Each structure stands twice: as structure tokens, then as C-alpha cells.
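A structural walkthrough
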Amino acid sequence: MSSYLIGDVQGCFDSLQALLKKVKFSSDKDRLFFLGDVVNRGSKSLETLSFIKDLGDNAQMVLGNHDFHLLACALGGKKPNKKDTFTDVINANNADSLLDFLKNQPLAITHKGVLMVHAGIPPNWDVDRVIQQSKKVQKHLKKVNISQFLDDMYDNKPNIWSQDLSELAQCRYSINALMRLRFCKPNGALEFDCKMNYTHPPKGFKAWFMHKNRLLKNTDIFFGHWSSLSSVNQAHIYPMDHGCVWGRKLSAIRLKGRKIFSVSC
């Protein structure tokens, strides 16, 4: 049995199938972990999300910002923008079951000593804090009427973590950190505008994984979101968004041995 961790698919269903063929994926014995953003920008969000859902216990995923945006457009007050390509999911006959599936996905997964998120982790968070905040957000997503909650999460504030924040403010910070983070300060102050490579941070900031005193520097962390990162010279850090939707590669990493498999997109 092998476990594969897969970067941002973003509706590139055909590339996903080619990648699974390359690794000789067996739904009888292998397990897939998707690092978020399984929908949007590509042309086959419906096929991709349906495929992952139908894998049942053979697949798990963390929510990415595009997956969350789909929920906000389908169940909240947000409207799809010109670049969004997930209306096939919203208009599907089985949209309710697909959206229920997404609502039940966490923001973080721990598996065999590794940690998976979509974007990043504040330097001053440990594993317990990551999982605790993931569960707090998931609790709200599982509620019957989540429209107001989804709408309330669209804000860049607070951009600094504190246990004294209200629960909704904690959820907003957690969503922004785990789904959108690239650069931050040592105290976890988030920056959202810069998408450059980690070697060119905004003044006063560093890539979240470059802070020397971060609490998880000895934990293997797998993430997507940052498509301009093909690799980093940093131990225990595994960026897996290799830019499939931008015509580059879709990649999976086999947990045992950390071997990377890729297909051109």
C-alpha cells in the first residue's frame, strides 16, 4: 500500500488521470491525499471533485482557497468572478452531495508523522494549534446554515494571531493562514499581496517556512498554493503545487521514500 500526496489539481482532470496512471494507482490498496485547490481555473472541476469524492476512504483532502471560494459562491453570498470555472459543480444534479463533501473536509491533516495544509503555517503555531484551529473552522462548516459564516470569512483582518480573538476572528485568521499564507512575520502577521518566489520577500517579511524559530521546523510539511515554488532549500518543506493549471506540471509525492512523480500539463 502506498500513499501519494498530490498538489493543486484545479480542475485539470485529464492531467490527474495521467498522473495516477503513471504511479500505477490502485484504488484497492493505495491512498491519495490532495493538498487543496482541487477545483477552479481548469476546465473540469466537476469531474475532478466527483472523482475524489467517489474514492471514498481511499482519498482525503485539505481545503484550499479555491475550494473554499466554491463553497462561498454556492452556499454564501459571493458571486463567481470571470476567472472562476466551477459553475459546473454549482449547476450539477448532485451539487448538494458534492458541496456536503467539501464542507466536511479539514484545513489540515496529520498522517504518519507528517503535516498537510494547503498554503502554510504561522511560525508560532505547533501541530496541536494547527489541528485545533482546523477543527474549529470545520465545526462551523458542518452547520446546516453556513451562509453568514462563509461571508464573514472574507476579510484580511485580523492578520495577527491571538488566543484572545473571538471565535469567528480566530476562524478568519486560521482560514487566511492555512489557505492563503506565503509571507509573514515571526509573530505570524500575515501578508497577502506578494506572490513572488520566496527569495524575494516583501520588506519585513519572510516566507513562512524561512523563520528560524518557527515551532514546526523539524516536522515534514507538505503544501500547495504557491505555484512559483518548484523546490526550496529548506529541510522538511515540500511544496507540491507545480503549476499544472499554468501549463507546467501536476505532481505527486510518494510518502515512503519521498519520490516525486510528475506529468506535463
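What you see is a predicted model; the values in this text were computed from it and never measured. (Residues numbered from 1 in each chain as written. Predicted model: local features only at pLDDT ≥ 70, side-chain atom pairs only at ≥ 80, totals over all residues. Heavy atoms only, no water.)

A count of helices and strands for the chain gives 8 helices and 12 strands. Rg of the C-alpha trace for the chain: 17 Å, near the compact-globule value of 18 Å for 265 residues, within the 12% margin. By its C-alpha atoms, the chain is 45 × 45 × 35 Å across when sized along the principal axes. Of all 265 residues assigned to the chain, the portion counted as buried reaches 55%. (Helix = DSSP H or I, 4+ residues; strand = E, 2+ residues; numbered from the N terminus. Rg over C-alpha atoms; globule rule 2.2 N^0.38 Å. Buried < 20%, exposed > 50% of the residue type's maximum accessible area, 1.4 Å probe, protein only.)

Attention shifts here to the sheet that holds strand β6 (residues 183–184). Spatial strand order, β7-β6-β8: 3 strands in an open sheet with antiparallel pairing. Each edge of the open sheet is held by one strand with a lone partner, namely β7 (190–191) and β8 (206–207). Two elements, β6 and β7, share 2 bridges in a ladder whose sense is antiparallel. Residue pairing in the sheet places Cys184 in a bridge with Leu190 of β7. (Pairing = 2+ DSSP bridges.)

Further remarks concern helix α3 (residues 65–75). A large share of α3 lies buried, amounting to 8 of its 11 residues. Turning to α3, its buried residues number three or more, namely His66, Asp67, Phe68, His69, Leu70, Leu71, Ala72 and Cys73.

Next up on the list: the state of the cysteines. By the definition in use, this model includes 1 disulfide. Between Cys244 and Cys265 runs a disulfide, and the two sulfur atoms are separated by 2.4 Å. Residues Cys244 and Cys265 are joined by a disulfide whose S-S torsion is about -105°; by sign, that bridge is left-handed. Of this pair, Cys244 sits in the loop between β10 (237–239) and β11 (249–254) while Cys265 sits in the segment after β12 (259–264), and the two are 21 residues apart along the sequence. The class for Cys244 is buried, based on a relative accessible area of 3%. Summary of cysteine pairing: Cys12 is not part of a disulfide, and the nearest cysteine sulfur, belonging to Cys244, is at 3.8 Å. The class of Cys12 is buried, set by a relative accessible area of 13%. There is no disulfide at Cys73, and the cysteine sulfur nearest it, in Cys12, is 19 Å away. (Disulfide = S-S within 2.5 Å.)

Attention now goes to the nonpolar core. One finds Ile6, Phe34, Ile121 and Phe209 to be the most contacted residues of the largest nonpolar core, which totals 74 residues. Of all the elements, helix α8 (residues 167–180) adds the most residues to this core, at 6 residues. Setting aside its immediate chain neighbours within four residues, Phe209 contacts Tyr198, Arg214, Phe223, Trp226, Leu229, Val232, Gln234 and Ile237. Membership of the second largest hydrophobic core comes to 11 residues, among which are Leu5, Val62, Val114 and Ile253. (Core = buried A, V, L, I, M, F, W, Y, C linked by side-chain atoms within 4.5 Å. Contact = heavy atoms within 4.5 Å.)

Taken together, the 4 strands give an open sheet; going across it, the order is β4-β5-β9-β10, and neighbouring strands pair in mixed fashion. On the outer flanks of this sheet lie β4 (108–111) and β10, each paired with one strand and no other. With strand direction ignored, the average angle separating the axes of adjacent strands in the sheet is 20°. Relative to strand β9 (residues 221–223), strand β5 (residues 114–117) is paired through 2 bridges, and the arrangement is parallel. Along β9, the bridge assignment pairs Met116 with Phe222. Sheet strands in contact with helix α6 (residues 127–141) are β4 and β5, and its direction is about 130° off that of β4. (Axes fitted to C-alpha atoms, helices over the stretch in contact; angles between N-to-C directions.)

A few words now on the pattern of salt bridges. Tallied over the entire structure, the rule returns 5 salt bridges. Two residues, Glu167 and Lys139, come together in a salt bridge whose shortest N-O distance is 2.6 Å. With Glu167 in helix α8 and Lys139 in helix α6, this residue pair connects regions lying 28 residues apart in the sequence. For Asp220, the salt bridge is made with Arg258, and the minimal N-O distance between the two is 2.5 Å. (Salt bridge = Lys/Arg side-chain N within 4 Å of Asp/Glu carboxyl O.)

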